[in-house]
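Commentary on secondary and tertiary structure
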Amino acid sequence: METIVSIKPFLAVLTSLVAVVLICLSSKKPNLREFWSFAAGGIMFLVVISLTPAILGGKIVAYRLFTLLPGIDFKFRVDALGLLFATTASFLWIITTAYSIGYMRSLKEHSQTRYYSCFAIALSSAIGVAFAGNLFTMYFFYELLSIITYPLVAHHEDADAWRGGKKYVVYLVGLSKTALLAAVVITYMTTGTLDFAPGGIFRPGMPSLLVTLSFILFIIGFAKAGIMPLHSWLPSAMVAPTPVSALLHAVAVVKVGVFSVVRVMLSVYGTETLAAYGLGLPTAFFVSFTIIAASVIALTKDDLKARLAYSTISQLSYIILGVALLTPDGIRGGILHISNHAFSKITLFFCAGSIYVATHRKKISQMDGIGRKMPLTMAAFTVGAFSMIGVPAAAGFVSKWYLAVGSIEAGSVGVLLVLLASGVLNAAYFLPIVYRAFFKEPPPGDTEFEHIKESPYFVVMPLAITAAITVVMGIYPDYFLALIERMLP
Amino acid sequence: MQAFSDIPVLKDHLLTVIILVPLVGAFCTFFLRSDRVVRWFALAVSVVDFILAVPLVLNFDRTTHGMQFVERHGWIPSLNVQYYLGVDGISVLFVFLTALLGWICVLASWNAIDKKVRDFMMSLQIMQAAMLGVFSALDVVLFYLCWEAMFIPMYLLIGRWGGANRIYATLKFFLYTFFGSVFMLVGIVALYNAGGTFDLQELMKHGYTFDFQVFAFALFFIAFSIKVPMFPFHTWLPAAHVEAPTAGSIILAGVLLKTGAYGFMRFLLPMFPDASQFFSTPVIVLSFIAIIYGAFLALSQDDMKKLVAYSSVSHMGFVTLGLFLLNKNGIEGGIIQMFNHGITTGALFLCVGMIYERTHTRDLKDYGWAAKKVPYYAVSLLIFSLASMGFPGTNGFVGEILILIGAYENYKLNVLVLIAGIMLGAAYMLWMYHRVSFGAAEGHGAHGDDEGHGHGDEEHPVRDLSPREVVAIAAFVVFVFWVGFHPMSFLDIMHESVGQLLTQVNGPAAAISSIAGH
């Protein structure tokens, strides 16, 4: 594969780091401060997009920044998988900035400068993970993301926020310092390198105990992926302001976790090695448990954000499931779900935030009839929910289709049943919300109901855009599919 | 720097000059009267000393393991004792570290010490000279002289300028260290009897019988492991740290503990290779205990200074572990970890001192407002906490990963224990940081309301870092990231010497490859 040396991946990471300085300098001028976030998001997105022709042309873009220790470089390497994730994350950062302006100003939140700076660094880290050229670089950005998102999770600085933040750090840092570091060391000692390679760096013939052990340690170590039983930080982290939940806990943070797992499966182990050591289907079945269990728990949650959180946990495992099937269509579906789920879930979180801004309500049971007052928000919510369920013409349908085909290719009826059951469960916990919002009468004594208005434009526009994109991606998934073709073995 | 080293005195006697500058400085300080002048003079002396140490590193020849900047003169002819100085790739780093911490210590005690400033600065400078002597001495008697000379100023620093419980702490420090020194003295006499010389390098070549090696190893091991300190000799350390003034703590953590580990590399490994191999596993086990036990002790502390002190026990466990893995990655990791620990823990003690100066309490329950009221301080503390827990991109990570790799080469399951230690390290550091910076919202320290505005006692505003403190912290931050992002500039210096050390321990056949090697 042809490799182009270009500083662009580093520039993309650098953009938002530079923005942090500007954001801090203009802390007294909110409009200028938010302009920097927009500008950085725009530049970052353009830089990322400008890499597309090369990647679609079957090339790899690489850039080595410096050498830490011989054999351990700090370097970037852009392939289709990384580009897909970076495109999604950098685009959604722009949208989320707009949404944040509406949300944070409507609720008159405190410490907004800290909020926007941490957000920018978090984005740098996410892009850094996407473009990482080896495990060390990935580990560096992965850890940076854990630390820098802590102030965002604990933004409200009350007892709940501290509790959520503590759990967040304990799970993410604790597991990455233990399992992930051990896995990296074992990988290095066994293979002699940390660099990602298209077919993986583990080869059939290496000690099977070490290969299996390190794989398990990787799965445990990337706790951001929210695989059960290491998921409970995610619902706790929902104490964060909604834009944080939206971008970080539906897109950047959890996706960094899943992305890392996918990256390790494809570029550290490789499908052949995983198949040779029989690690594919067991992983698929292991995450199947998460898919079903998280959906069942979601059914029981009355808090909208909590329900979305468990839905996220369930959907994340789809991605790992797809890749673990080790068949072309499974991998297609899994990787495609990274971006599909990102757009759909961010829409849902935006809607939850919009409802909170307009009504200060968090509980689903209080949302009867709300669709009449907030038609745009709830329409977008419906689109997002349809995508989660997998209704055709919404983005989720495409990825689920490939996942189902992949499971048949892999000859596993069990996985197919899990997918179907999960679709039913998704419908069971999303459709009642839609039903309540549009068809139920508001409770008779609800005096506030008459005063509910649609949220400000800065809140509604972003969620309308992401909902629209969700539909577009359901009808025209070709761009991302073309990228994924480059990743197939 | 080139012009510098062209001055004849500096060219031929650089090490002597580096050692003498603080000593002469101390002598001159004696005649100064005003506290202000004393402070500035001490700062000038220590800065000059640091500037002199820079060409030592820059002009150091990295391609050889031989001793450099050697100075050799007869001293006591009847016993064949010499004034014999020189540095190799290992000791040059610690000479540099000592010189670096020197002026930071003066800055750290600028306002904190307001009684008997002259005496304090004199002690500090004599201490400095003695430590530099330990790292550059190549004659056993000279080494022992400097070793013991470190002890008196340290005793004074803690005993005169320390906290409320200082007498207890100094007594404990005295008893432990003196106990160790006696064993070392016996060891030195035994060495002289067996080898017939006090020349360190000659003694290394001698080749002793196994029985003698075991005997002498035990004697020196007790002396050095008390200084490190290794479990179970560690109990003097928290007492001394907690009572010591900030500068005392920085020296104690930054350099004094290193002299013990340095002794391992100068005496135990090269002179008693068979015994080192023989005792390798027990020492590794003791290091593991230190790592885990020290971390648990740190986890349970409410006193910030004690917490950092116990973290030292844990971190020095990594060092001794690395050294006794007896492979290249382990030893290089151990050495770089020694350097890191000097930087990071020194910086953490500096941070403890700063917040203590402002609040006169070290109880973590009384903090919790740093992020709000002193943001720059909070950021600095964050950097050092992350460095201490081995965050990638900081110095701690480099040491950790090298030792991890070394431990894996030695025995795969070692990694399990180490990982547990690393995780505990992250736990107590983050937990400490949380309690210093954000904890008030949990209602411990507490004048804050629920929205998180206006924590802390508004009547006594706490000021953020002063320029003097910024300079001290910046020096540490530079090295945190320098080692973190470009460890090769430090590893390159030690490669040859570590290779030589390994040849001495494992025999010439064991040219074990290293990831940082050639």
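Refer to the preceding data block for the structure.
So, here's what we can say about the structure.

1. Quick word on the overall build of chain A
- Within chain A, the secondary structure is distributed over 19 helices and three strands.
- In terms of principal-axis extent, the alpha carbons of chain A reach across some 70 × 55 × 40 Å.
- Considering chain A as a whole, with its 489 residues, one finds that 66% of them fall into the buried category.
- Residue pairs at least 24 apart in sequence account for 82% of intrachain contacts in chain A once pairs closer than 6 positions are excluded.
- When the accessible surface of chain A is summed, it comes to about 15400 Å², and 69% of that surface belongs to carbon and sulfur atoms.
- For chain A, the distance from the average site of its 34 positive side-chain charges to the average site of its 23 negative ones is 4 Å.

2. Points about helix H4 (residues 80-106) of chain A
Residue and element names in this part refer to chain A.
- Taking 1.5 Å of rise per residue, 27 residues should cover 39 Å, and H4 covers 39 Å from first to last C-alpha, within 8% of that figure.
- The element H4 is extensively covered by neighbouring structure, given that 23 of its 27 residues are classed as buried.
- Taken from the residues just after H4, Lys-108 is the one with a positive phi, measuring 50°.

3. Some thoughts on the sheet that holds strand E2 (residues 60-69) of chain A
Residues and elements named next belong to chain A.
- Strand order across the open sheet formed by three strands is E1-E2-E3, with mixed pairing between neighbours. Each edge of the open sheet is held by one strand with a lone partner, namely strand E1 (3-5) and strand E3 (72-78). Direction aside, neighbouring strands of the sheet carry axes that sit 40° apart on average.
- Here E2 runs beside E3; their pairing, made up of seven bridges, is antiparallel. Across the sheet, residue Arg-64 finds its bridge partner in E3, namely Lys-75.

4. Digging into the interface of chain A and chain B
- Across the boundary between the two partners, chain A contributes 33 residues, which contact 42 residues of chain B.
- For the pair chain A and chain B, the summed buried area comes to about 3100 Å², and 79% of that belongs to carbon and sulfur atoms.
- Summed over the shared surface of chain A and chain B, the number is one salt bridge.
- Across the pair Glu400(B) and Lys177(A) runs a salt bridge whose closest N-O atoms are separated by 3.7 Å.
- The interface formed by chain A and chain B contains three residue pairs in polar contact (both at pLDDT 80 or more).
- Elements that contribute at least two residues to the side of chain A that touches chain B include exactly E2, helix H6 (135-153) and helix H7 (159-191) of chain A.
- In terms of residue count, the dominant contributor to the side of chain A that touches chain B is H7(A) (14 residues).

How each quantity is defined
- Here the residue index of a chain counts from 1 through its sequence in written order.
- Both sets of labels track the order of writing: A upward for chains, 1 upward for ligands.
- A pLDDT threshold of at least 70 governs which residues receive local features in this predicted model, and a stricter bar of 80 or more applies before side-chain atom pairs are shown or counted, although totals over entire chains, interfaces and linings include all residues.
- Based on all heavy atoms of the structure, the side-chain values leave hydrogens and waters out of the count.
- Strands are runs of DSSP state E lasting at least 2 residues, helices are runs of H or I lasting at least 4, and numbering of each runs from the N terminus.
- Partly exposed residues are those whose accessible area sits between 20% and 50% of the maximum for their type, while under 20% is buried and over 50% is exposed, using a 1.4 Å probe and protein chains only.
- When checking whether two residues touch, look at their non-hydrogen atoms; a contact exists if any pair is within 4.5 Å.
- Here, Shrake-Rupley sampling with a 1.4 Å probe gives the accessible areas, and only protein chains in the shown set may cover a residue.
- Residues scored as charged are limited to Lys and Arg (positive) and Asp and Glu (negative), so that His and the chain ends carry no count.
- Note that the charge is assigned to NZ on lysines, CZ on arginines, CG on aspartates and CD on glutamates.
- Helix span, as expected, comes to 1.5 Å for every residue beyond the first.
- Paired strands, as defined in this entry, are two strands with at least two bridges between them according to DSSP.
- Note on method: axes are straight lines fitted to C-alpha atoms, helices fitted across the in-contact stretch only, with angles between N-to-C directions ranging 0 to 180 degrees.
- Here's the idea: put two parts together, see how much 1.4 Å probe accessible area each one loses, and the total over both is what we call buried area.
- A side-chain nitrogen of Lys or Arg and a carboxyl oxygen of Asp or Glu constitute a salt bridge if their distance falls within 4 Å.
- For this analysis, a polar contact is any N or O atom pair within 3.5 Å, provided that within protein one partner can donate a hydrogen and the other can accept it, and provided that sequence-adjacent residues contribute only side-chain to side-chain pairs.

Remember, this is a structural readout, not a statement about activity or role.
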